[in-house]
Amino acid sequence: MWSTTQHHYWMLYVVHRPQISVLVFSSMNDTTEEGKTCENGRIGSIVRHLQPHIERCTSIDFHATFASSLPSPALFLALEVLDLEDLTLEYQVHDLAHVADNRKRARITHNLTSHAVVAFPKLTKLSLSGHAFMDILRLGDGRLSRVKNDFYLTLHISDFQFMNTKRHTDDSGTFFVFMQLISALSPLGGIHLKNLSLSYRPHKRRDTEYLYHVDAASISFDNVSPGFIMEFFQLATLNVNCTTFSHCSFPPVSGSFSSYCLTIEDMPSSDISAHNDDSLYNIISIWNNGDCLEVASCPAFNDEFLHWLGEEREDGKVEAEQNQIKLLQVRDCTNFTAGALRRLIDILNDSARLDLLEREPVTRLLEVMVSGRGPALDVEDLEWFRKNSGATGVRWKVDGADGSKVFLEHLPD
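So, here's what we can say about the structure. Because the structure is predicted, anything quoted here is derived from the model rather than measured.

### Some thoughts on the overall build of the protein chain
- The number of helices and strands found in the protein chain is 12 helices and 17 strands.
- For the protein chain, buried positions account for 50% of its 413 residues.
- When contacts within the protein chain are restricted to residue pairs at least 6 apart in sequence, long-range pairs at least 24 apart make up 73% of them.

### Things to note about the nonpolar core
- If you look at the biggest cluster of nonpolar residues, it comprises 114 residues, and the most contacted ones within it are Phe62, Phe133, Phe178, Phe232, Phe233 and Trp396.
- The residues contacting Trp396, other than those within four sequence positions of it, are Phe336, Ala338, Leu341, Val370, Pro375, Leu377, Phe385, Val406, Phe407 and Leu408.

### What about the layout of surface pockets?
- A volume near 280 Å³ is recorded for the second largest pocket.
- Forming the boundary of the second largest pocket are 19 residues, of which His156, Ile157, Ser158, His192 and Lys194 lie nearest the centre.
- At the level of elements, β5 (86-93), β6 (125-129), β7 (154-162), β8 (190-198), β9 (212-222) and β10 (236-246) are the ones that each hand at least two residues to the lining of the second largest pocket.
- Split into classes, the residues belonging to the lining of the second largest pocket amount to 6 nonpolar, 9 polar and 4 charged.

### Remarks on the environment of Ser256
- Counting through the fold element by element, Ser256 comes out in the loop between β10 and β11 (257-265).
- Linking Ser256 and Gln234, residues 22 residues apart in sequence, is a C-alpha distance of 9.1 Å.
- Among the polar contacts made by the side chain of Ser256, one reaches the side chain of Asn288 at a distance of 3.2 Å.

### Observations concerning the pairing of β11
- Taken together, the 7 bridges between β10 and β11 define a ladder with parallel strand orientation. Opposite Cys242, over in β11, you have Cys261 as the bridge partner.
- Where β11 meets strand β12 (residues 287-288), 2 bridges bridge the pair, whose relative direction is parallel. Looking across to β12, one finds that Phe257 is bridged to Trp287.
- Sheet topology note: the β11/strand β13 (residues 292-296) ladder contains 5 bridges and is parallel. Bridge assignment links Cys261 to a residue of β13, and that residue is Cys292.

### Describing the packing of helix α5 (residues 175-185) against helix α6 (residues 226-235)
- It is at 11 Å that the axes of α5 and α6 come closest, and there the two elements cross at 55°. Of the possible angle classes, the one that applies to α5 and α6 is oblique. In this structure, α5 meets α6 at a crossing whose hand is right-handed. Between α5 and α6, the residues in contact are Phe175, Phe176, Phe178 and Met179 and Phe228, Glu231, Phe232 and Leu235, respectively.

### Quick look at the packing of helix α10 (residues 338-348) against helix α12 (residues 379-388)
- Two elements in contact, α10 and α12, have axes separated by 11 Å at closest approach and are oriented at 20°. On the basis of the axis angle, α10 is roughly parallel to α12. In this structure, α10 meets α12 at a crossing whose hand is left-handed. Counted together, Ala338, Arg342, Ile345 and Asp346 of α10 and Glu380, Asp381, Trp384 and Phe385 of α12 form the full contact between these two elements.

### Side note on the packing of aromatic side chains
- Under the definition given, this model contains 27 aromatic pairs.
- Between Tyr281 and Phe305, the aromatic rings sit 5.3 Å apart at their centres with planes inclined by 80°, giving edge-to-face as the arrangement. Within this pair, whereas Tyr281 is found in helix α7 (residues 279-286), its partner Phe305 is found in helix α8 (residues 303-309), the two being separated by 24 residues in sequence. Neither Tyr281 nor Phe305 differs from the other in exposure class; each is buried.
- Members of the aromatic cluster, joined through ring pairs, are Phe133, Phe160, Phe162, Phe175, Phe178, Phe221, Phe228, Phe232, Phe233, Phe245, Phe250 and Phe257.

### Notes on the pattern of salt bridges
- For the structure on display, the rule yields 12 salt bridges.
- Note that Lys122 and Asp83 form a salt bridge whose closest N and O atoms lie 3.0 Å from each other. Taken together, the residues Lys122 in the loop between β5 and β6 and Asp83 in the loop between α2 (74-77) and β5 connect sequence positions 39 residues apart.
- Since its relative accessible area comes to 33%, Lys122 is described here as partly exposed.
- The partner of Glu367 in a salt bridge is Arg395, with the nearest N and O atoms 2.3 Å apart. Highlighted residues: Glu367 in strand β15 (residues 367-373) and Arg395 in strand β16 (residues 393-399), separated in sequence by 28 residues.
- For Glu367, a relative accessible area of 19% translates into the label buried.
- For Arg395, a relative accessible area of 27% gives the class partly exposed.

### What about the side chain of Thr58?
- Within the secondary structure, Thr58 is located in strand β4 (residues 57-66).
- The class for Thr58 is buried, based on a relative accessible area of 15%.
- For Thr58, the side chain forms a polar contact with the side chain of Ser21, separated by 2.8 Å.
- In contact with Thr58, not counting residues within four places along its chain, are Gln19, Ile20, Ser21, Asp83, Leu84, Glu85 and Asp86.

The rules behind these values
- Residue indices begin from 1 for each chain and proceed along its sequence in written order.
- Only residues with pLDDT of 70 or above have their local features reported here, since the model is predicted, and side-chain atom pairs are shown and tallied only from 80 upward, although totals for entire chains, interfaces and linings are computed over all residues.
- Hydrogens and water are ignored here; the side-chain numbers use all heavy atoms of the structure.
- Helix and strand assignments follow DSSP, with helices taken as H or I runs no shorter than four residues and strands as E runs no shorter than two, numbered in order from the N terminus.
- For the exposure calls, accessible area comes from a 1.4 Å probe over protein chains only, and a residue counts as buried if that area is under 20% of its type's maximum, exposed if over 50%, partly exposed in between.
- By definition, residues are in contact when any of their heavy atoms lie within 4.5 Å.
- To form a nonpolar core, buried Ala, Val, Leu, Ile, Met, Phe, Trp, Tyr and Cys residues must be joined to one another through side-chain atoms within 4.5 Å.
- Definitions used for this entry: grid spacing 1 Å over protein atoms alone; cavity, a set of points where a 1.4 Å probe fits but cannot get out; pocket, an open set with protein on both sides within 12 Å along at least 5 of 7 lines; lining residue, one with an atom within 4 Å of a point.
- Grid points are joined across faces, edges and corners, and a volume is the space filled by probe spheres set on the points.
- For this classification, Asp, Glu, Lys and Arg are treated as charged, while Ala, Val, Leu, Ile, Met, Phe, Trp, Tyr, Cys and Pro are nonpolar and the rest, including Gly, are polar.
- Polar contact is defined as a pair of N or O atoms within 3.5 Å, subject to the rule that within protein one atom must be able to donate a hydrogen and the other to accept it, and that residues adjacent in sequence are counted only when both atoms are side-chain atoms.
- Strand pairing is assigned whenever DSSP detects at least two bridges linking the two strands.
- Angles shown run from 0 to 180 degrees and are taken between the N-to-C directions of axes, each axis being a line fitted to C-alpha atoms and, for helices, limited to the stretch in contact.
- For classification purposes, angles smaller than 35 degrees are called roughly parallel, those larger than 145 roughly antiparallel, those between 65 and 115 roughly perpendicular, and all remaining angles oblique.
- By convention the crossing between two helices is left-handed if the near helix lies anticlockwise of the far one by an angle smaller than a right angle, and right-handed if it lies clockwise.
- Working definition: rings of Phe, Tyr and Trp (its six-membered ring) pair if their centres are within 6.5 Å, and the pair is stacked with planes under 30 degrees apart, edge-to-face with planes over 60 apart, and tilted otherwise.
- Whenever Lys or Arg places a side-chain nitrogen within 4 Å of a carboxyl oxygen from Asp or Glu, that contact is recorded as a salt bridge.

So far we have only geometry, and geometry alone does not tell us how the molecule works.
Structure representation (structure tokens):
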């Protein structure tokens, strides 16, 4: 292992093997302008010393204080780095413009023309700011498509505001280009999107033809804007196993998406009034081919929402059956009552109603799990779940507002 320290701010560790792993991090959190200037220079120096060895790297991991200090990922992806598994360029302070700009970037002098060999056969993680991710465009579409491999790449992209293509002659910072990049990399192991938004209000599309296809094992949306969500689901078909929405508001959108498991956390965001937000309804309305629904810390998960899940549709099925929910997990939700959940379970297990649907296959709710903070169960509730929950198993382990703990585990015979 080799390390260097510059005035106890920076350390560069290189582990010697047939290949090498690189970790660069700050040992002092200096967020002043003087600190930024110092950091910019030191990272630049490290990158210059690293460049002759890039093709031997298995991982390149930068953790800077300022986003502006980080090098462009194109510097590394321009090479044939056959053993590279992880390229991470992370930061604490996002000090770049929210939209694409013409900030100074290091020149790329390597030949980017196509080669017979696959460029990144082992790459499994790419963690970048939105600016850095869009900078990959400089490598060209052919180069980008060769990032694909049998290990399935996981993307982490954060902090970017996309421009309106009609108002900018340079389209390198538009949402359409972003979707082209995502589509070119599919299928993916995972996509994690955080703090992304649009600089314009999206228009509702009149045509129903999707322009992009996103295929991944999982995708998460964390604190992304309603406009970003609307544009994403209007332009792309989404086929994933697990989907997570956190700390955001979901607007009404056209189309649908398929996901085996759907997780909704703190939605709408805690700084938005749940009484004026229909995020839960909007998501469930376009969710198809589901199996597991997990709801956590959502103030809008209340009796009204549970009643809506049990409302009968034109085809005779109720909303929860339309979504094919087999497992419902509720965590840290305090605005619903056990009575409303009892009503939903009773409707789903109503034998008379199910007999009328015997020609239509109906997915049964097999289990309900309630945990964390939540409503307490009285004696009547406990007795009802033990005797009347039918084919639905119930696990209830909550901490009451008064400090009490309630535990119930009932599984059908």
